[in-house]
Amino acid sequence: MRADRLVATLLLMQSRGRVTAAEVAEELEVSVATARRDLEALSTAGIPVYSQPGRGGGWSLVGGARTDLSGLTAAEAQALFLLVGPAAAVAPEVKAALRKLVRALPEVFRADAEAAADAVVLDPAGWGARSRDRSPVVELLQGAVVSRRKVRFTYAARGRERAERTVAPWGLVDKDEIWYVVAGTERGQRTFRVDRIADAVVLDETFERPGGFDLSSVWERVVTEVEQRRSLVSATVLVAERFLFVLRDQFGRHCEVLAPVGDGRVRARVAAPTPLMIAQPLAGWGGMLDVEDSPEVRAELARLGAELVARYADTGSGPTS
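Residue positions are given per chain, counted from 1 along the sequence in the order it is written. Only residues with pLDDT of at least 70 are given local features in this predicted model, and only at 80 or more are side-chain atom pairs given and counted; all residues enter the totals for whole chains, interfaces and linings. To get the side-chain values, take all heavy atoms of the structure and skip hydrogens and water.

Caption draft 1: A look at the overall build of the protein chain. If you tally the helices and strands in the protein chain, you get 11 helices and 12 strands. Split into buried and exposed, the 321 residues of the protein chain put 33% on the buried side. Residue contacts are defined here by distance: any two heavy atoms, one from each residue, within 4.5 Å place the two residues in contact. Put simply, of all contacts in the protein chain between residues at least 6 apart along the chain, 57% involve residues at least 24 apart. Computed by Shrake-Rupley with a 1.4 Å probe, the accessible areas treat only the displayed protein chains as cover when residues are assessed. Summing over all exposed atoms, the protein chain offers an accessible surface of approximately 19,900 Å²; the carbon and sulfur share of this is 52%. A run of DSSP states H or I qualifies as a helix once it reaches four residues; a run of E qualifies as a strand once it reaches two. Both are numbered from the N-terminal end. Classification of residues uses two cut-offs on accessible area relative to the type maximum, computed with a 1.4 Å probe and protein chains only: under 20% is buried, over 50% is exposed, and between them is partly exposed.

In structure tokens:
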């Protein structure tokens, strides 16, 4: 896009001080004529750009004028490229943007910035798992968030029939490769899972975010509410301290260490939405773990154990039908 080229040209002039149309053309991979038209367009638009003809001439910013697009310190430049660099491997537009930013940085920063961009590779798929392909609905919603335009779609909430919704998308959140959109509706703020959205259409109707809206703070409240619902049932367990990390992996933030008991074990509290959801991961521990309270969880463990015994007690006969 021409707007991208104009910004890139301006940044290039800022970093080099003076450029020729031929140099701009080479850097931005356009023709010399296109580069010259872009330079003239900047001057016509009121940017303090002037040309100096003759040998050793070129285009410069008047008085060394600067934009604020690349006024970064060395540490800020490295932090930016460490953060954004991994995305360049999967998003061509990010790669192109990074290339333009590198050109715009002061020469002394460029080597470290390029090294930072190549320092990290993101592999979001767990061992033995497949990575999720990002839904095209995400890009559609991103555009709607930026342009402040409402979106109409059909949505299938868990346990409910699909229904049509019209919302004002305030922001998007990527949580462990599952995307959510925080939106304003006729009934107030709502959160939607993007993978349950279908038939999404961006409307011409615009909206304004609520005053003082901060997506990070809003999402933090959403997470707190969801996690509270995910910890309605709890159980106290005794587990060997050396295996506590496994219990924490299973229950995450819903595993709270209470106290050591003096025999190499610790007492911990685990929580989940239902007794069964606590019992299922605990069943794999066998006799390595004791549940001290919660009759409901103990009953589910007993039921799961009885089912396993009924199916596998006679291992010579194979599975029952």
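Moving on from the model shown.
Caption draft 2: Structural context of the sheet that holds strand β8 (residues 197-206). When DSSP finds at least two bridges between two strands, those strands are taken to pair. The 5 strands are arranged β7-β6-β5-β4-β8 in an open sheet whose pairing can be described as antiparallel. Here the strands that pair on one side only, and so sit at the sheet edges, are β7 (188-193) and β8. Taken pair by pair, the neighbouring strands of this sheet meet at an average axis angle of 45°, ignoring direction. Helix-sheet contacts for helix α7 (residues 136-147) involve β4 (149-155), β5 (163-175), β6 (178-185) and β8, and the interaxial angle to β5 is about 90°. Each of β5, β6 and β7 touches helix α8 (residues 215-229); the most contacted strand, β5, lies at about 100° to it. Comment: axis = line fitted to C-alpha atoms, over the contacting stretch for helices; angle = value between 0 and 180 degrees taken between N-to-C directions.

Caption draft 3: The sheet that holds strand β10 (residues 255-260), seen in detail. With respect to topology, 4 strands assemble into an open sheet ordered β10-β11-β9-β12, the strand pairing being antiparallel. Edge strands, defined here as strands with exactly one partner in the open sheet, are β10 and β12 (289-291). Strand after strand, the sheet turns through a mean of 30° between neighbouring axes, direction not considered. As defined by bridge partners, β10 adjoins strand β11 (residues 265-272) across 5 bridges and the pair is classed as antiparallel. Following the sheet pairing, Glu 256 is matched in β11 by Arg 269. Set on the sheet, helix α10 (residues 275-283) makes contact with β9 (233-240), β11 and β12; between it and β9 the angle comes to about 15°.

Caption draft 4: Expanded view of unusual backbone geometry. Phi at Glu 29 takes a positive value of approximately 60°, unusual for a residue other than glycine. Looking at where Glu 29 falls in the secondary structure, it is placed in the loop between α2 (21-28) and α3 (32-44). Classification of Glu 29 by relative accessible area gives exposed; the value is 63%. The phi dihedral of Arg 148 is positive, around 55°, even though this residue is not glycine. Relative to the assigned elements, Arg 148 resides in the loop between α7 and β4. On the basis of relative accessibility, which here comes to 26%, the residue Arg 148 falls in the partly exposed class.

Caption draft 5: Fine view of the pairing of β11. When β9 meets β11, the two strands line up antiparallel, connected through 8 bridges. The partner of Val 237 across the bridge, within β11, is Ala 268. Taking the residues between adjacent antiparallel strands as the criterion, β10 and β11 are bridged by 4 residues, where Gly 262 takes a positive phi near 95°.

Caption draft 6: Quick peek at the pattern of salt bridges. Here a salt bridge means any side-chain nitrogen of Lys or Arg lying within 4 Å of a carboxyl oxygen belonging to Asp or Glu. Evaluation of the coordinates by the stated rule reveals 11 salt bridges. Residue Glu 205 pairs with Lys 150 through a salt bridge whose shortest N-O separation is 3.1 Å. With Glu 205 in strand β8 and Lys 150 in strand β4, the pair connects residues that are 55 residues apart, well separated along the chain. A residue is classified by how much of its surface remains accessible, and Glu 205, at 43% relative accessible area, is partly exposed. A salt bridge links Glu 292 to Arg 267, with the nearest nitrogen and oxygen atoms 2.6 Å apart. Residue Glu 292 is found in the loop between β12 and α11 (295-312), and its partner Arg 267 is found in strand β11; the two are separated by 25 residues along the sequence. Judged by relative accessible area, Glu 292 falls into the partly exposed class, the value being 37%. Three or more residues are tied together by salt bridges with common partners; here these are Glu 227, Arg 230 and Arg 253.

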